[in-house]
Amino acid sequence: MSIGQPDPSNHHSSDAVLWSALKAGNTEALGALYDRHASLVYGLAIKVLGSAQEAEDLTQDIFLSLVQQSSYNPSRGSLRTYLGIVTRSRAIDLLRSRKTSRNVVDRLKPGASSSTSADAPSDFAFQQEQTQMMQQALAELSKEQRQVLHMAYYEGLTQATISERLSLPLGTVKARARRGLLKLRQILYKAGE
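Keep in mind it's a predicted model, so treat the numbers as computed, not measured.

Caption draft 1: Layout of the nonpolar core. Core analysis: the biggest nonpolar cluster contains 23 residues, and Leu22, Phe63, Leu66, Leu79, Tyr82 and Leu83 have the highest contact counts within it. Every element with two or more residues in this core is listed here: helix 1 (15–23), helix 2 (28–49), helix 3 (52–69) and helix 4 (79–108). Looking at this core, the element that brings in the most residues is helix 2, giving 8 residues. By size, the runner-up hydrophobic cluster in this structure holds 15 residues, among which are Ala137, Leu149, Ala152 and Ile187.

Below is the structure:
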């Protein structure tokens, strides 16, 4: 460590000092910040998500984002408050994304119950058309993307479980799921034009 640079191994260093060290490229500062705030981030994530695995994944993502692309500004408040707000926001986003994706997939399942009444055949026809459009869109995905999305939404598996079952790195599973969902959205947007 050079002279004048904060010592992140000093556990009495303030968050601001550790933050400055991290931004200066000192990776030990991330470890100190993680040790100090990971329980807060994990606790909030598990309260919102209700899944230990998802909470662990989100905790890791939050701390990695501190290094890669943080929008934290020490002059606007404490790091602890920032981490709490970001964690809650990202966890709620994950819940919304999970709910939206499951709703879409539920509509595609064979024999999915229809909420339309017998008095509304046009609604039933519209829903059938949408289901067919979604199945065609799924067919345009790569085999790997379809496999990951099927395991996640039809079988209800977490990305960590999918990673284990397919003997793939977790990052690969996440990338395939994200790319698959983005491609689905793109295909369906074009189809709706």
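Caption draft 2: Focus on the pattern of salt bridges. Taken as a whole and assessed by the stated rule, the structure comprises 3 salt bridges. Here Arg36 makes a salt bridge to Asp15, at a shortest N to O gap of 2.7 Å. Highlighted residues: Arg36 in helix 2 and Asp15 in helix 1, separated in sequence by 21 residues. Overall, the relative accessible area of 29% leaves Arg36 in the partly exposed class. With a shortest N-O distance of 3.9 Å, Asp93 and Arg96 are connected by a salt bridge. Placement of both Asp93 and Arg96 in helix 4 is noted, with a separation of 3 residues, approximately one turn of the helix. Residue classification places Arg96 among the exposed residues on the basis of a relative accessible area of 56%.

Caption draft 3: Structural view of the environment of Thr27. Along the chain, Thr27 falls in the loop between helix 1 and helix 2. With 40 residues separating them along the chain, Thr27 and Val67 place their C-alpha atoms 8.6 Å apart.

Caption draft 4: Fine view of the packing of aromatic side chains. Overall, the coordinates contain 3 aromatic pairs when judged by the stated rule. Taken together, a centroid distance of 5.0 Å and an interplanar angle of 90° make the contact between Trp19 and Tyr72 edge-to-face. You can see Trp19 sitting in helix 1 and its partner Tyr72 sitting in the loop between helix 3 and helix 4, a full 53 residues away along the chain. The class for Trp19 is buried, based on a relative accessible area of 6%. With a centroid separation of 5.1 Å and 50° between ring planes, the pair formed by Tyr72 and Tyr82 is classed as tilted. Residue Tyr72 is found in the loop between helix 3 and helix 4, and its partner Tyr82 is found in helix 4; the two are separated by 10 residues along the sequence. Taking the relative accessible area as the measure of exposure, Tyr72 reaches 11% and is therefore buried. Given a relative accessible area of 19%, Tyr82 falls into the buried group.

Definitions and cut-offs
All residue numbers here refer to positions counted from 1 along the written sequence of the relevant chain. Thresholds applied to this predicted model are a pLDDT of at least 70 for local features of residues and 80 or more for the giving and counting of side-chain atom pairs; totals over whole chains, interfaces and linings are not thresholded and use all residues. Side-chain figures throughout are based on the complete set of non-hydrogen atoms in the structure, without hydrogens or water. The term nonpolar core refers to a set of buried residues drawn from Ala, Val, Leu, Ile, Met, Phe, Trp, Tyr and Cys, joined through side-chain atoms within 4.5 Å. The rule is simple: take the accessible area with a 1.4 Å probe, protein chains only, and divide by the maximum for that residue type; under 20% is buried, over 50% is exposed, in between is partly exposed. Strands here are runs of E lasting at least two residues and helices are runs of H or I lasting at least four, both read from the DSSP assignment and numbered beginning at the N terminus. Each reported salt bridge corresponds to a side-chain nitrogen of Lys or Arg within 4 Å of a carboxyl oxygen of Asp or Glu. Each Phe, Tyr or Trp ring, with Trp reduced to its six-membered ring, pairs with another whose centre is within 6.5 Å; inter-plane angles below 30 degrees give stacked pairs, above 60 give edge-to-face pairs, and intermediate values give tilted ones.

So far we have only geometry, and geometry alone does not tell us how the molecule works.
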